[in-house]
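Each chain, letter by letter, is given below.
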Amino acid sequence: MILVIAEHRDGKLNRATLETIAAAQAASAQASGPVKAAVLGSGVDTVAAEVAAADLAEVIAVDDAALKDYTADGFVLALQALIDAEKPDRVFLPHTYQTRDFAPALAARLNRPLITDCVAVKDGAYVRPMFQGKLQADVAVEGAHLATFQIGAYRADAMKAGGAPAAVRKAAIAIDASRIRQRPEQPFKEAKQAVDLSQAERIVSVGRGIKAQEHLQLAQQLAQAMGAEIAASRPICDAGWLPMDRQIGSSGQTVAPRLYVALGISGAIQHLVGMKGARTIVAVNKDPEAPIFEIADYGIAGDLFEVVPAMIAELNK
Amino acid sequence: MTREWQLRVNDQKTWIRDQDAGFELNEPDAYALEEALRLKEKHGGEVVACCAGPARATQVIREALARGADRAIHVEADALATADASVIADALAAAIKDEAVDLVLTGLQSDDQGFGQVGVILAEKLGMPHATIIMEVQQGDGGLLRVKRELEGGWFQWVALPMPALLTIQSGINQLRYATLKGIMAAKKKEIRKVTPPAAAPAQRITSLYFPEKGKKTQMLAGSPAEAAKELVKRLREEARAL
């Protein structure tokens, strides 16, 4: 049996859950066995009903006041009890920041291996990126285990819906709130983002390959010639070369422009998550093996300091 | 592993050819070390750098000492170079469980395997509460630690937790310092305690390591920079209609 752990916030299901159900359905088709889903929280009836629309053997709700606000300890306690009771041989989770916070501790407490960041299941092995996405590995694992699936690895619309809603069952699990050590405050957004890149038609984005802050003006000239907004991968914003609200990726903004030009961006998965919805992707990178070239429509394997001035000249003709 | 190095896969296709690679401190770990040094400067105490890895990891440990760590622990075994997250966390836990640690800081994930698990498993093995993807560390009320977690999509959250605790640090939490000549000289006199890790059986195994298949749709534009740029602009205008 594969158990999928659903994720939601403020009563809203995280779509990555549907992708993970799609992954579980694909994996169960290879090895047979039912797929179930678990929804944790306080007052989760609506979310559980939404999950139950998928083709699942059943949905298990763990409803406890101690799970109202997410905490790592709360989720580990609840899921340890649930997994001990239900005995799934595989537990699938979306590779979200929340999962990353609790799943390794859960795996350790259950003494089961956890394979993170999976992009596919093939013949029982899991495919995951390594070395910042430059290489891919097939990983074999013995016995019962947990696996997290990278956002976008499976499509939510590939998830099979059920003919009728799956049954929702309340698990008989009580959480001892005194064992929860983290005390969370309410989530918040920093000062309102000055730039909404999600609406940009064209984006010129820079990565480590730009080398120094003073070279940003080259990218800015290209953006101007294209009528594009300037953006960046995380290291550029970490270094303070561009403000954080210009960052594209899992920790920054998600964009879907008509044109995305990636300059000196290798294409680590955290960046790809934010930009692969772009309609046309151009990559300029001196490393012909850079993962960005796997998703680009047009690629130039070359020195951006030679290619970008040539592009600006061509656009201004 | 230095980011500039062109990766090559070994003959068994199970790992990279690391005999001709250069190795350096993982960037997320560099931010964790920096945060530890800053906390020490503010609150006092001692910074101990702990690293699990083969003999060559000594070089990274020296770098940590040169940046300002007071002493180091090297959990040394060749197998740790390619070990899974649980094995690495076991090795680290054995080495630090008897240290009087107030706070354990790790990077969010490594640059090579990128499990993003070692810190959180280590917290579990040490019996400590943890918080991940941390962007700020403060002293909270009632002796609690108060930390700012990064959530997805521009959201953040403060979480308080008792010490001793483990935090995994997000890159960009601070500005990194680099080792000074004085620091490098001082590092030579600092203690590196060597520890042998417990025997561990890996639970996951890489059966094949390979370059991902290129998306067939990618059109690589060859020629001189001027020729490639000209062709690109033409295709963006006429084929993709993106300009």
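The rules behind the values
Residues numbered from 1 in each chain as written. Chains lettered and ligands numbered in written order. Predicted model: local features only at pLDDT ≥ 70, side-chain atom pairs only at ≥ 80, totals over all residues. Heavy atoms only, no water. Helix = DSSP H or I, 4+ residues; strand = E, 2+ residues; numbered from the N terminus. Rg over C-alpha atoms; globule rule 2.2 N^0.38 Å. Buried < 20%, exposed > 50% of the residue type's maximum accessible area, 1.4 Å probe, protein only. Areas by Shrake-Rupley, 256 points an atom, 1.4 Å probe, with all protein chains shown as cover. Lys, Arg positive; Asp, Glu negative; His and termini not counted. Charge placed at Lys NZ, Arg CZ, Asp CG, Glu CD. Contact = heavy atoms within 4.5 Å. Buried area = accessible area lost by both parts, 1.4 Å probe. Salt bridge = Lys/Arg side-chain N within 4 Å of Asp/Glu carboxyl O. Polar contact = N/O pair within 3.5 Å; in protein donor to acceptor, adjacent residues only side chain to side chain. Nonpolar A, V, L, I, M, F, W, Y, C, P; charged D, E, K, R; others polar. Pairing = 2+ DSSP bridges. Phe/Tyr/Trp six-rings, centres within 6.5 Å; stacked < 30°, edge-to-face > 60°. Lys NZ or Arg CZ within 6 Å of the ring centre and 35° of its normal. Axes fitted to C-alpha atoms, helices over the stretch in contact; angles between N-to-C directions. Patch = residues over 30% accessible without salt bridge, like charges linked within 9 Å, V, L, I, M, F, W, Y side chains within 5 Å.

Participant: What is the right way to read the overall build of chain A from this model?
Facilitator: Of the regular secondary structure elements, chain A holds nine helices and 19 strands. The C-alpha radius of gyration computed for chain A amounts to 22 Å, which stays within 12% of the reference 20 Å derived for 317 residues, consistent with globular compactness. Across its three principal axes, chain A shows a C-alpha extent of roughly 70 × 45 × 35 Å. Considering chain A as a whole, with its 317 residues, one finds that 62% of them fall into the buried category. Entry remark: accessible area of chain A is about 12,100 Å², with carbon and sulfur atoms responsible for 49%. Taken as two groups, the 32 positive and 36 negative side-chain charges of chain A have centres that lie 0 Å from each other.

Participant: Would you mind going over the interface of chain B and chain A with me for this structure?
Facilitator: Much of the literature gives interface size as the accessible area that the parts lose upon coming together. Facing the 84 residues of chain B at the interface are 79 residues of chain A. Between chain B and chain A lies a buried interface of about 7,400 Å² when both sides are counted; carbon and sulfur atoms form 52% of it. Among the residues of chain B in contact with chain A, E124, E152 and Y210 of chain B are the three that bury the most area, contributing 8% of the side total. Across the pair R146 of chain B and E185 of chain A runs a salt bridge whose closest N-O atoms are separated by 2.8 Å. Linking chain B to chain A there are 40 residue pairs in polar contact (both at pLDDT 80 or more). Those elements that place two or more of their residues in the side of chain B that touches chain A are α1 (27-43), α4 (118-126), β4 (130-139), β5 (145-150), β6 (155-161), β9 (204-210), β10 (219-220) and α6 (225-238) of chain B. Its residues placed into classes, the side of chain B that touches chain A shows 42 nonpolar, 22 polar and 20 charged. Pairing geometry for strand β14 (residues 188-189) of chain A and β6 of chain B, over two bridges, is antiparallel. Its bridge partner lying in β6 of chain B, F188 of chain A is registered against F156 of chain B.

Participant: Is there a simple way to think about the packing of aromatic side chains in this case?
Facilitator: The geometry of an aromatic ring pair comes down to the distance between the two centres and the angle between the two planes. This structure, assessed with the given rule, holds nine aromatic pairs over all chains. When the ring of Y70 of chain A is compared with that of F75 of chain A, the centres are 4.9 Å apart and the planes differ by 70 degrees; the resulting orientation is edge-to-face. Overall, the relative accessible area of 14% leaves Y70 of chain A in the buried class. F75 of chain A gets classed as buried once you look at its relative accessible area, which sits at 5%. Feature note: the residues F92, Y126, F149 and Y154 of chain A constitute an aromatic cluster, connected by ring pairs. The ring of W158 of chain B has R146 of chain B lying over it, and the distance from NZ or CZ to the ring centre is 4.1 Å. Positioned above the aromatic ring of F156 of chain B, the side-chain terminus of K148 of chain B is 4.9 Å from the ring centre.

Participant: Honestly, the pattern of salt bridges in this entry has me stumped. Any pointers?
Facilitator: Two side chains with opposite charge may pair up if their charged atoms get near one another. Counted according to the given criterion, the structure contains 31 salt bridges over all chains. For the salt bridge of K217 of chain B with D297 of chain A, the shortest nitrogen-to-oxygen distance reads 3.4 Å. With K217 of chain B in the loop between β9 and β10 and D297 of chain A in the loop between α8 (292-295) and β19 (298-301), this residue pair bridges two chains. Of the residues examined, K217 of chain B reaches a relative accessible area of 47% and is grouped as partly exposed. Residue D18 of chain B is joined to R56 of chain B by a salt bridge in which the shortest nitrogen-to-oxygen separation is 3.6 Å. Of this pair, D18 of chain B sits in the segment before α1 while R56 of chain B sits in the loop between β1 (48-53) and α2 (58-67), placing them 38 residues apart in sequence. Looking at R56 of chain B, the relative accessible area reads 32%, which means it is partly exposed. Via salt bridges that share partners, K36, E58, E86 and R169 of chain A belong to a single interconnected network.

Participant: Is there a simple way to explain the sheet that holds strand β2 (residues 71-76) of chain B in this structure?
Facilitator: All names here are of chain B. The sheet built from three strands is open, its strands ordered β1-β2-β8 with parallel pairing. Looking at the sheet topology across the chains shown, the edges are occupied by β1 and β8 (192-195). Averaged over all pairs of adjacent strands, the angle between strand axes in this sheet comes to 20 degrees, irrespective of strand direction. In the sheet, β1 pairs with β2 via six bridges, with the strands oriented parallel. Residue pairing across strands places C51 opposite H74, the latter belonging to β2. Contacts from α2 reach β1, β2 and β8 within the one sheet, and its direction differs from that of β2 by about 165 degrees. Against the sheet, helix α3 (residues 85-96) makes contact with β1, β2 and β8, and its axis sits at roughly 140 degrees relative to β1, the strand it touches most.

Participant: For this particular structure, what's the right way to read the environment of A57 of chain B?
Facilitator: Residues and elements named next belong to chain B. Topologically, A57 is positioned in the loop between β1 and α2. Residue A57 is classed as buried on the basis of its relative accessible area of 10%. When near neighbours in sequence (up to four residues on either side) are disregarded, A57 contacts C51 and H74.

Participant: Looking at this structure, I do not really get the sheet that holds β19 of chain A. What am I missing?
Facilitator: Each strand in a sheet pairs with its neighbour through backbone hydrogen bonds, running either in the same direction (parallel) or in the opposite one (antiparallel). Taking strand neighbours across the sheet as the criterion, the six strands line up as β16(A)-β15(A)-β17(A)-β18(A)-β19(A)-β10(B) in an open arrangement whose pairing is parallel. On the outer flanks of this sheet lie β16 (229-232) of chain A together with β10 of chain B, each paired with one strand and no other. Across four bridges, strand β15 (residues 202-206) of chain A lies against β16 of chain A in parallel orientation. Looking at β16 of chain A, one finds that V206 of chain A is bridged to A232 of chain A. On the sheet, helix α5 (residues 216-226) of chain A packs against β15, β16 and β17 (259-263) of chain A and is oriented at approximately 170 degrees with respect to β15 of chain A. On top of the sheet, α6 of chain B reaches β17, β18 (280-285) and β19 of chain A together with β10 of chain B; it is set at about 170 degrees to β19 of chain A, its chief contact.

Participant: Whenever I open this one, the side chain of Q157 of chain B confuses me. Can you help?
Facilitator: Its place among the elements puts Q157 of chain B in strand β6. Its relative accessible area of 8% is what places Q157 of chain B among the buried residues. There is a polar contact of 2.9 Å between the side chain of Q157 of chain B and the backbone oxygen of E185 of chain A. Setting aside residues up to four positions removed in sequence, Q157 of chain B forms contacts with P184, E185, P187 and F188 of chain A together with V147, K148, R149 and L151 of chain B.

Participant: Explanation requested: a nonpolar patch on the surface in the structure shown.
Facilitator: A contiguous nonpolar surface patch, about 310 Å² in accessible area, is contributed by L181, I184 and M185 of chain B. Mapped onto the fold, M185 of chain B is located in helix α5 (residues 181-187).

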